[in-house]
Amino acid sequence: MNKQWIRLAGGVATVALLAVGCSMSPSMTHAMPGSMAGTATSATKAADLRTGLNALLGEHVYLASAATNAALGGRQAEFEAAAAALDANSVDIAKAIGSVYGADAEKAFLPLWRRHIGFFVDYTVGVATKDKSKQGKAVNDLVGYTEDFGAFLSSANPNLPKTVVADLVKTHVLTLKDVVDAQAAGDPVKANKALRTAYSHMHMIADPLAEAIVKQFSSKYAAQ
Amino acid sequence: MIRSVPMLAALFLAGSFSATAALGADSDVAIKTFQFKPTPIEVKAGTRVTWANADDITHTVTSGTPENRDGQFNTPLPGKGTTFSFTFSRAGTYTYFCDRHQSMRGEIRVK
C-alpha cells in the first residue's frame, strides 16, 4: 500500500509536520492516552476531554496532510514517518474512545477509523495516477463511511444523532480532500489555506462529541 | 418466514434460518456499537441463535471468515431492530462476521 502512495508532485510536508508540533495543546488531559497524555492544567474533566479530543482530531488532519503531501511528492521516508505518526494518532483516538466506552468499543472503533484513512489512501493514489475512476470510488467509499461513523457514535451515545455526526464527518472528508487536491496541483498556498480550514473543522466534531459524552456521563465529568 | 428484510441472501446447510424486522425474544447475540456480543457463545446442538441489530446501520451476519466464507448464511440486517435466526443442528465451531465491517467477528461453539 505504501509504495502505491509514493508518486509525483511536490509540496509542503515539512511545514505541515512543523505545524503538527505547533498544534499540540499544552493542556492535554491526563485522561488522554499515549503520547497525548500530559499534565492537566484545565479546570475540569469536561474541559480536559474537550481539549484532548480537539488536539487528537486536529493532529489527525495535520498528519494526514503530511502523509498525503509526502506521498504525492514521492518522498518515501517522509511519507513512512508521517503514516506511522498518523497511525499512532489513530490508536490514541481509539484509546480516547475506549477511555469512555471501554476496551471493546476501543477495539471496534480502531479498524473503523483506520478504514477512512485507507479510503483516503485510495483517493490519493487515484489523484497521483490521474485515475478518475479510482478517485470516484474512493469518494463514494468515504461518503458511505460517514454513515458508518455516524452509526457507531450514535450507538455509543444517544446524544449524537447519526445524521448529524455523518454530516460533520462528511465535511471532514471534503475539507481534507481539498487539501489533497491542492497538494496534487502543486499549489502550496491553496494547500495550506485548505489545511487550516480542515483543521478548524475538527473543532466542529470534537466539541459536540465532548459535549455529548459529558451529557451522557454527567456525574463522571461533573465540575471539580 | 422472512419479513421486511430486503436483499436476503441466506443459504443454509447446517440448519434453518429466519429473519424478521422486529426484535424477537431470543436475541442471543446483540449487534451493538459495531460488535457482536457476547462472543464466543456455547450452545447445544439444535439451538436457535438470534442476532439482533441495535445499530442504526446495515450489518450482516455472514458465516465463515472474510478469507474463508463457508456459505451457510449471509443475511443483511438493515438497521436497528432487525434480527436473524439460525438453528445450529450439528456440533462444531462456527465463525461468522459482518461483511460490511469485516473487523466484526463472532463465534458459536455448538456442543
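Just so it is clear, the model here is predicted, and its values are computed rather than measured.

(A) The overall build of chain A, seen in detail. Of the regular secondary structure elements, chain A holds 8 helices and 0 strands. Within chain A, the proportion of its 224 residues that are buried is 50%. Taking the intrachain contacts of chain A between residues at least 6 apart in sequence as the baseline, contacts between residues at least 24 apart amount to 64%.

(B) Molecular detail of the overall build of chain B. A tally of helices and strands in chain B yields 0 helices and 10 strands. Its helices and strands taken in sequence order, chain B reads β-β-β-β-β-β-β-β-β-β from the N to the C terminus.

(C) Inspection of the sheet that holds strand β10 (residues 105–110) of chain B at higher detail. All names here are of chain B. As summarised here, the arrangement of the 5 strands in space is β4-β10-β9-β6-β7, forming an open sheet in which the pairing is mixed. Of all strands in the sheet, those with a lone pairing partner are β4 (41–43) and β7 (68–78), marking the two edges. Each strand of the sheet is rotated relative to its neighbour by a mean of 25°, with strand direction disregarded. Pairing of β4 with β10 involves 3 bridges; the strand directions are parallel. Residue pairing in the sheet places E42 in a bridge with R109 of β10.

(D) Representation of the confidence of the model for chain B in the model. Residues and elements named next belong to chain B. Per-residue confidence for chain B gives a mean pLDDT of 81; residues scoring 70 or more make up 76%. Low confidence marks residues 1–25, where pLDDT is under 50. Its contacts with residues over four positions away, or in another chain, come to 58 contacts. Scored by ipTM, the complex comes to 0.77, with pTM at 0.80.

(E) Looking closely at the environment of K32(B). Tracing the backbone through its elements, the reader meets K32(B) in the loop between β2 (29–31) and β3 (36–37). Residue K32(B) is classed as partly exposed on the basis of its 18 C-beta neighbours within 10 Å. Sequence separation of K32(B) and R90(B) is 58 residues, and the distance between their C-alpha atoms is 27 Å. Excluding residues within four positions of it along the chain, K32(B) makes contact with S155(A), K37(B), A54(B) and D55(B).

(F) Main features of the interface of chain A and chain B. Across the boundary between the two partners, chain A contributes 13 residues, which contact 10 residues of chain B. Looking at the side of chain A that touches chain B, the elements that each hand over two or more residues are α5 (103–128) and α6 (132–156) of chain A. At 7 residues, α6(A) tops the list of elements feeding residues into the side of chain A that touches chain B. Looking at the side of chain A that touches chain B residue by residue, the class counts come to 7 nonpolar, 2 polar and 4 charged.

(G) Representation of the packing of helix α3 (residues 45–72) of chain A against α5(A) within the structure. All names here are of chain A. Remark: α3 packs on α5, axes separated minimally by 10 Å, with the N-to-C direction vectors making an angle of 30°. The pairing of α3 with α5 is recorded here as roughly parallel in orientation. By crossing handedness, the relation of α3 to α5 is classed as right-handed. Of α5, the residues touching α3 (which contributes A64, T68, A71 and L72) are F120, T124 and A128.

(H) Expanded view of unusual backbone geometry. A cis amide bond, omega -5°, links K37(B) with the succeeding residue P38(B). You can see P38(B) is positioned in the loop between β3 and β4. Omega for the bond connecting T39(B) with P40(B) falls within 30 degrees of zero, at -5°, which places this linkage in the cis form. When you line up the elements, P40(B) lands in the loop between β3 and β4. A positive phi angle, close to 55°, is found at K130(A), a residue other than glycine. Within the secondary structure layout, K130(A) lies in the loop between α5 and α6. Here K130(A) falls in the exposed class, since 11 other C-beta atoms lie within 10 Å of it. With a phi angle near 50°, T33(B) is a residue other than glycine that sits in the positive phi range. For T33(B), a count of 23 C-beta atoms within 10 Å corresponds to the buried category.

(I) Quick peek at the pairing of β10(B). Residue and element names in this part refer to chain B. Because side chains alternate across β10, one face comprises the buried residues G106, I108 and V110, and the other comprises R105, E107 and R109, none of which is buried. As defined by bridge partners, strand β9 (residues 92–97) adjoins β10 across 6 bridges and the pair is classed as antiparallel. Of the residues in β10, the one forming a bridge with Y96 is G106.

(J) Inspection of α3(A) at higher detail. Residues and elements named next belong to chain A. Taking 1.5 Å per residue, 28 residues should reach 40 Å; α3 reaches 40 Å between its end C-alpha atoms and fits that length. By the criterion of burial, α3 is predominantly enclosed, with 26 of the 28 residues buried. Count one or two residues on from α3 and you reach G74, which has phi positive near 75°.

(K) Broad picture of the confidence of the model for chain A. Of all residues in chain A, 80% have pLDDT values of 70 or greater, and the mean over the chain is 85. Contacts of residues 1–41 of chain A to residues separated by more than four positions or lying in other chains number 104 contacts, the stretch itself having pLDDT below 50.

The rules behind the values
- Residues numbered from 1 in each chain as written.
- Chains lettered and ligands numbered in written order.
- Predicted model: local features only at pLDDT ≥ 70, side-chain atom pairs only at ≥ 80, totals over all residues.
- Helix = DSSP H or I, 4+ residues; strand = E, 2+ residues; numbered from the N terminus.
- Buried ≥ 20, exposed ≤ 12 C-beta atoms within 10 Å, placed from the backbone.
- Contact = placed C-beta atoms within 7 Å.
- Pairing = 2+ DSSP bridges.
- Axes fitted to C-alpha atoms, helices over the stretch in contact; angles between N-to-C directions.
- pLDDT = per-residue confidence, 0-100.
- Nonpolar A, V, L, I, M, F, W, Y, C, P; charged D, E, K, R; others polar.
- Parallel < 35°, antiparallel > 145°, perpendicular 65-115°, else oblique.
- Left-handed = near helix turned anticlockwise from the far one by under 90°.
- Expected span 1.5 Å × (residues − 1).

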